[in-house]
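Each chain, letter by letter, is given below.
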Amino acid sequence: MPGQFCMPALVSAAPVASSADAAVAVLIGRAAALQRASGGSLSDCFAAVPDPRDRRGIRHALPTILGLCTAAALSGAVTLTEITAWVAAASPDLLAALGVSPDRCGGRRKPPHPDTIERVFAGLGAQGLAEHLGAFLAGRAGIAPVGAPIGGPVLLPAIAVDGKAMRGAIGPDGQIPYLLAAATHHNATVIAERLVGAKSNEVPAFQPLLRGLSVGGWVFTMDAGHTVRAHATFITEELLAHYVMIVKENTKKLFDRLDDLDWASVPVAHASVDTGHGRRERRTIRVLDAPADLGFPHAAQVFLIERYTIRTVRKRTKGSRKYRKVQVHTAVAVLGVTSLSSREAAAEHLAAYVRGHWSIENKIHWVRDVTFREDASQVKTGSRPRIMATLRNLAIGLIRQAGYTKIAATIVTWRSG
C-alpha cells in the first residue's frame, strides 16, 4: 500500500511491522464500521435514519415512508408530486409489505398522505440520509480493502469523484446547490455524497466526503480540479489507497514540468480504437516513471494520453438545400500522474482508469438529468432537492446492482408491470 511503500529505507524491522499492523488495524476497523452502517436490509438502513417528527401521533414509520418513495422512484416516478401520487395509489399488498398497519375501522391500510411525505422530506436531515444510503450501497457493492501487496500489474477496483450542480434547486444563499459524489467505476453506484459549501468549491469537500471509507488499495480518479497535493497525501496516507490524477494548467508548475518531458521519444505503450455513431476514436498512452524532482506526493508514474477522433457529420453548403457528409478531425492531449507504480499498473490499466472515470458522468449524472429530469425539478428549496437526489442515486444503484444496465427501459418496464 502507498503508505508502506514510501517508508524510508533505513528503518529497523520492528517499526515496519508495527506500522503495517497499525495500518491493517485501521482497515479492519473501517470495514467493521461500514458493515454495521450498511445494515442487513434497506429497511434496516432506513430505520437507522433519525426521524425528524415528534413521536406522538406518528402513523407511518419513517422506513415505511422512505420505502414507498423508493419503490415509486424505481417505478418511474421522477418528481416529488409523482412520488406522492404513486404512494397514494399503492396496492394493499405493497402497503402491507412495507409496514403499513390496518386501521381500526374495517382493517383498511391507508398510505401516507402527500402532505405527510412533504413534511418528512422538509424536516429530514439530507446529509444523514445520504450517508446511511451510501453506506448501504457500499456494503452491497462489496467495498472492502484490496489485499496487498499485489503480485503484478492488475486492474484494481476504482472510485470516481465528481460534482454536479442541481440546476432546478436554489440554496439558502440564493445560489444553485452543488453536490460532490463518489461512485464505483464497475457498476456506477454512488457510495458517498456531500453538499459543497456556499461560497466554496469542490476541493474543501473532498476529504470529508471520503474520510471513513474502507477503501485500502482502491484507485481514486477525479478531474483536474482535484489534482492538489493535499488530496494526493490524503488518499495515499490516510485512505491507504491510490490516485490517478489529470494534470492541467490550473496546477501550472506541475503541468509545465510534465509538459517539458521528452514525450516524443517515449514509445506508445498501449492503443485502442472505438467506433460507433459516426465516430472513430483512437486513444494512445505513453508512460514514464515519475521524475525524482517532480515534487508531488507519492507520484510513481506520469503519463500522456492522446485522443484522435474522426466524426462524420452532415453539412449543408451555403445557398444549397443538399447535405453532404464531412469528416471532422480533432486531437486532444491529456497529461496525468499516479501513485501506482509500474509493478502495480501497466499502461492499459492507467488508460482504463482515466476512461472509467467518466462512468459517474455518463451513468449517474446524465441519468439523473435525462431519465429522472432532475434539472427540471420544481422542488427548489430546503432539504427536499437533496433528498430527491439521494433517492435517485439509490434507485440507480439498486437497478445496476440487480444487473440491469438500461435505467430508463428498466423503470418503464417495472412501471408497466
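Here's a quick rundown of the structure. (Residues numbered from 1 in each chain as written. Predicted model: local features only at pLDDT ≥ 70, side-chain atom pairs only at ≥ 80, totals over all residues. Heavy atoms only, no water.)

### A few points about the overall build of the protein chain
- Regarding its fold elements, the protein chain presents 15 helices and 9 strands.
- Sorting the 417 residues of the protein chain into buried and exposed places 46% on the buried side.
- Looking at the protein chain alone, contacts between residues at least 24 apart form 66% of all its contacts between residues at least 6 apart.
- Accessible surface for the protein chain amounts to roughly 20,500 Å². Of this, 54% is attributable to carbon and sulfur atoms. (Helix = DSSP H or I, 4+ residues; strand = E, 2+ residues; numbered from the N terminus. Buried < 20%, exposed > 50% of the residue type's maximum accessible area, 1.4 Å probe, protein only. Contact = heavy atoms within 4.5 Å. Areas by Shrake-Rupley, 256 points an atom, 1.4 Å probe, with all protein chains shown as cover.)

### Concerning the pairing of strand E6 (residues 270–276)
- In terms of strand pairing, E6 meets strand E7 (residues 279–289) through 7 bridges, oriented antiparallel. Of the residues in E7, the one forming a bridge with Ser-272 is Arg-283.
- Here E6 hands over to E7 after 2 residues, with His-277 in that stretch at a positive phi of 55°. (Pairing = 2+ DSSP bridges.)

### Quick look at the sheet that holds strand E9 (residues 323–338)
- Pairing is mixed across the open sheet formed by 9 strands, whose spatial order is E3-E2-E1-E4-E5-E9-E8-E7-E6. Every other strand in the sheet has two partners, leaving strand E3 (190–195) and E6 as the edge strands with one partner each. Each adjacent strand pair in this sheet contributes to an overall mean axis angle of 20°, direction not counted.
- Both strand E4 (residues 219–222) and strand E5 (residues 242–247) contribute to a ladder of 4 bridges, which runs parallel. (Axes fitted to C-alpha atoms, helices over the stretch in contact; angles between N-to-C directions.)

### With respect to the nonpolar core
- Ranked by size, the top nonpolar core spans 59 residues in total, and within it Leu-210, Phe-220, Ile-235, Phe-303 and Leu-350 carry the most contacts.
- The residues contacting Ile-235, other than those within four sequence positions of it, are Phe-206, Phe-220, Met-222, Leu-240, Ala-241, His-242, Tyr-243 and Met-245.
- Counting 42 residues, the second largest nonpolar core, distinct from the first, contains Val-49, Leu-66, Leu-95 and Phe-372. (Core = buried A, V, L, I, M, F, W, Y, C linked by side-chain atoms within 4.5 Å.)

### Describing the pairing of E9
- Here E5 runs beside E9; their pairing, made up of 4 bridges, is antiparallel. Paired with Met-245 across the strands is Val-337, a residue of E9.
- Across 16 bridges, the pairing between strand E8 (residues 301–316) and E9 is antiparallel. Bridge pairing links Glu-306 to Ala-333 in E9.
- Two successive antiparallel strands, E8 and E9, enclose a turn made up of 6 residues, where Gly-319 displays a positive phi of approximately 85°.

### Things to note about the packing of aromatic side chains
- By the definition in use, this model includes 2 aromatic pairs.
- Judged by centre distance (6.5 Å) and plane angle (75°), the rings of Phe-206 and Phe-234 are edge-to-face. One end of the pair, Phe-206, is in helix H9 (residues 202–210); the other, Phe-234, is in helix H10 (residues 229–238), with 28 residues separating them in the sequence. Of the two residues examined, Phe-206 and Phe-234, each falls in the buried class.
- Judged by centre distance (5.9 Å) and plane angle (80°), the rings of Tyr-243 and Phe-296 are edge-to-face. Within this pair, whereas Tyr-243 is found in strand E5, its partner Phe-296 is found in the loop between E7 and E8, the two being separated by 53 residues in sequence. Phe-296 matches Tyr-243 in its accessibility class, with the two residues each being buried. (Phe/Tyr/Trp six-rings, centres within 6.5 Å; stacked < 30°, edge-to-face > 60°.)

### Section: the environment of Ile-387
- Mapped onto the secondary structure, Ile-387 falls in helix H14 (residues 384–401).
- In sequence terms Ile-387 and Ala-130 are 257 residues apart; their C-alpha atoms lie 7.7 Å from each other.
- When neighbours within four sequence positions are excluded, Ile-387 is seen to be in contact with Phe-121, Leu-124, Ala-126 and Leu-129.

These figures come from the coordinates and say nothing about function on their own.
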